[in-house]
Amino acid sequence: MKIGSKIITRFLFVYILVSFVIILLSGMYMMSLLRSSIESYLLSSNRARAYHVRTFIKDQITASEILAASSVFRDLLTISKKNVGFEVIKENVLNRLLRTIKVDERIYEAFVIDKNGVVLASSDPSQDGKDKSQEDYFIKAHEQTFFKDVFFSHATNKINFLFASPIKDNEGTFLGISVLRYIPDNLFSITQTENGLGDTEENFIINKDLYLITPSRFLGSQLILKEKINTVNAHSCYDQTEIEYVKKNGYAGINKAFGSQIVEAKDYRNVDVIATHSYIPETEWCLITKADKDDPFSFVPALIGILSALFLFGDLVFFLTGFLVSKTITSPIRLLAGGVEKIKNGDFDFRVGLRGADEIGQLSRAFDDMASKVKESRLEIEKKVHVQTQEIIQEAK
């Protein structure tokens, strides 16, 4: 193999080796950085929504308790229906209930139940006089505010959730209950996805029985309270140790206490996803955030294409560089080789004539010096031969 070919081949070998190592390390670093960014986004997005949900629930509990503390409700529950002032007080209660709905459009019904479970006043006149004594929200709200999870109400033919707060007199005696019934649209808006991780990212809430209670990107709203999310991520959310931690400490330090909250597993579609979750202690809900595993990495083929193009461009640059370097080295060597041939053929006047300060220049000057000395030596020999020849001729005479 010629020297030029060897140089170019070695340049390419070194380039391919170095490029492979750089691309491998860069790829590993970028994938690690990307995965870290995805996990950070999932966690921050999920936690932000979880705090929003918790704040929303706490605000509604406060609103329910403030409403229950209205003196006009106590007046209604302590006055006899036969009293001439009963209708006036009831009208005042109705106005209070209607104002509450007007102020907060998320509430679509507000009503007051007496201690026997009978509706005395409601923003929906059709509910007046209805017996609610067997409803769980009446039974469980005698001492403190009770939250009834998302459910389908046959009375209203709607999906809703409600807060029921006890109404007590100044001595703490139970008089009845005020109830606020909510449409879940506001809850749905909190879980609305922003597509930060592509078209497969979604957020939804499940209840303690693992049933979907907010719309899903892929299931829509038709399967609310019908679809059970029986996944690894959902079950992890209801780990009892984690639940107790969140009740006591919130989400602060949860990653340190339980390790990464990122779950890589199948979702309800049997698709591989990257997911996380947050337990909502006020309602025993679980907020799930997830995205298809392939979706955040969908640009990787394009990245590989870019790196490959850079590699081929670098290959061309190194080839040209190797060619120029080899030409710089081999041209003087070829000149020297040509000089050797000329001297071999008797041309002792040939000189390479390179004046570089490098080793090639030194070799060239040494070659020229050698050629000069060979010529001088040859001339000296020819002179001696001529003299001896003349002497032989003279002696022969």
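Residues numbered from 1 in each chain as written. Predicted model: local features only at pLDDT ≥ 70, side-chain atom pairs only at ≥ 80, totals over all residues. Heavy atoms only, no water.

### Looking at the overall build of the chain
Okay, step 1: Looking only at helices and strands, one finds 10 helices and 9 strands in the chain.
Okay, step 2: Counting all 397 residues of the chain, 41% fall into the buried class.
Okay, step 3: Long-range contacts, defined as pairs at least 24 residues apart, comprise 55% of the intrachain contacts of the chain with a sequence gap of at least 6.
Okay, step 4: Total accessible area on the chain stands at roughly 22400 Å², and carbon and sulfur atoms take up 58% of it. (Helix = DSSP H or I, 4+ residues; strand = E, 2+ residues; numbered from the N terminus. Buried < 20%, exposed > 50% of the residue type's maximum accessible area, 1.4 Å probe, protein only. Contact = heavy atoms within 4.5 Å. Areas by Shrake-Rupley, 256 points an atom, 1.4 Å probe, with all protein chains shown as cover.)

### Examining the sheet that holds strand β9 (residues 285-292)
Where strands meet in a sheet, backbone hydrogen bonds hold them as pairs that are either parallel or antiparallel.
Okay, step 1: Across the sheet, 4 strands lie side by side as β6-β9-β8-β7; this open sheet has antiparallel pairing. Every other strand in the sheet has two partners, leaving β6 (202-206) and β7 (263-266) as the edge strands with one partner each. On average, each strand axis in the sheet is tilted by 35 degrees relative to the strand beside it, whichever way the strands run.
Okay, step 2: When strand β8 (residues 272-280) meets β9, the two strands line up antiparallel, connected through 8 bridges. Note on β9: the bridge partner recorded for threonine 276 is threonine 289. (Pairing = 2+ DSSP bridges. Axes fitted to C-alpha atoms, helices over the stretch in contact; angles between N-to-C directions.)

### Section: the packing of helix α2 (residues 71-78) against helix α3 (residues 86-103)
Okay, step 1: In the contact formed by α2 and α3, the axes pass within 9 Å of each other and the chain directions differ by 145 degrees. The handedness of the crossing between α2 and α3 comes out as left-handed. Counting all contacts with α2, which are made through Val72, Phe73, Asp75 and Leu76, the residues of α3 involved are Phe86, Ile89, Lys90, Asn92, Val93, Arg96 and Leu97. (Left-handed = near helix turned anticlockwise from the far one by under 90°.)

### Topic: the side chain of serine 278
Okay, step 1: Its place among the elements puts serine 278 in strand β8.
Okay, step 2: One polar contact links serine 278 to arginine 47, side chain to side chain, over a distance of 2.7 Å.
Okay, step 3: When near neighbours in sequence (up to four residues on either side) are disregarded, serine 278 contacts Asn46, Arg47, Ala50, Cys237, Tyr251, Trp285, Cys286 and Leu287. (Polar contact = N/O pair within 3.5 Å; in protein donor to acceptor, adjacent residues only side chain to side chain.)

### Quick word on unusual backbone geometry
Okay, step 1: Phi is positive for leucine 225, which is not a glycine, with a value near 70 degrees.
Okay, step 2: Within the secondary structure, leucine 225 is located in the loop between β6 and α6 (232-237).
Okay, step 3: Classification of leucine 225 by relative accessible area gives partly exposed; the value is 25%.
Okay, step 4: Despite not being glycine, glutamate 284 shows a phi value in the positive range, around 60 degrees.
Okay, step 5: Note on placement: glutamate 284 falls in the loop between β8 and β9.
Okay, step 6: Residue classification places glutamate 284 among the partly exposed residues on the basis of a relative accessible area of 33%.

### Let's talk about the confidence of the model for the chain
Okay, step 1: For the chain, per-residue confidence averages 83 on the pLDDT scale, and residues scoring 70 or more make up 78% of the total.
Okay, step 2: Mean pLDDT across the elements of the chain bottoms out in helix α9 (residues 300-344) (66) and peaks in strand β5 (residues 174-182) (96). (pLDDT = per-residue confidence, 0-100.)

### Here we look at the pattern of salt bridges
Okay, step 1: Within this structure, the stated rule accounts for 14 salt bridges.
Okay, step 2: Of the charged contacts, one joins lysine 58 and glutamate 282 as a salt bridge, the two residues approaching to 3.7 Å between their closest N and O atoms. Residue lysine 58 is located in helix α1 (residues 3-68), and its partner glutamate 282 is located in the loop between β8 and β9; the two are separated by 224 residues in the primary sequence.
Okay, step 3: For glutamate 282, a relative accessible area of 25% corresponds to the partly exposed category.
Okay, step 4: For the salt bridge of glutamate 264 with lysine 293, the shortest nitrogen-to-oxygen distance reads 2.9 Å. In this pair, glutamate 264 is assigned in strand β7 and lysine 293 in the loop between β9 and α9, connecting sequence segments 29 residues apart. (Salt bridge = Lys/Arg side-chain N within 4 Å of Asp/Glu carboxyl O.)

### Describing the state of the cysteines
Okay, step 1: The tally for this structure, following the rule as stated, stands at 1 disulfide.
Okay, step 2: Between cysteine 237 and cysteine 286 runs a disulfide, and the two sulfur atoms are separated by 2.2 Å. Residues cysteine 237 and cysteine 286 share a disulfide whose torsion about the S-S bond is about 120 degrees; that sign makes it right-handed. Here cysteine 237 is found in helix α6, whereas its partner cysteine 286 is found in strand β9, with 49 residues between them in sequence.
Okay, step 3: Residue classification places cysteine 237 among the buried residues on the basis of a relative accessible area of 0%. (Disulfide = S-S within 2.5 Å.)

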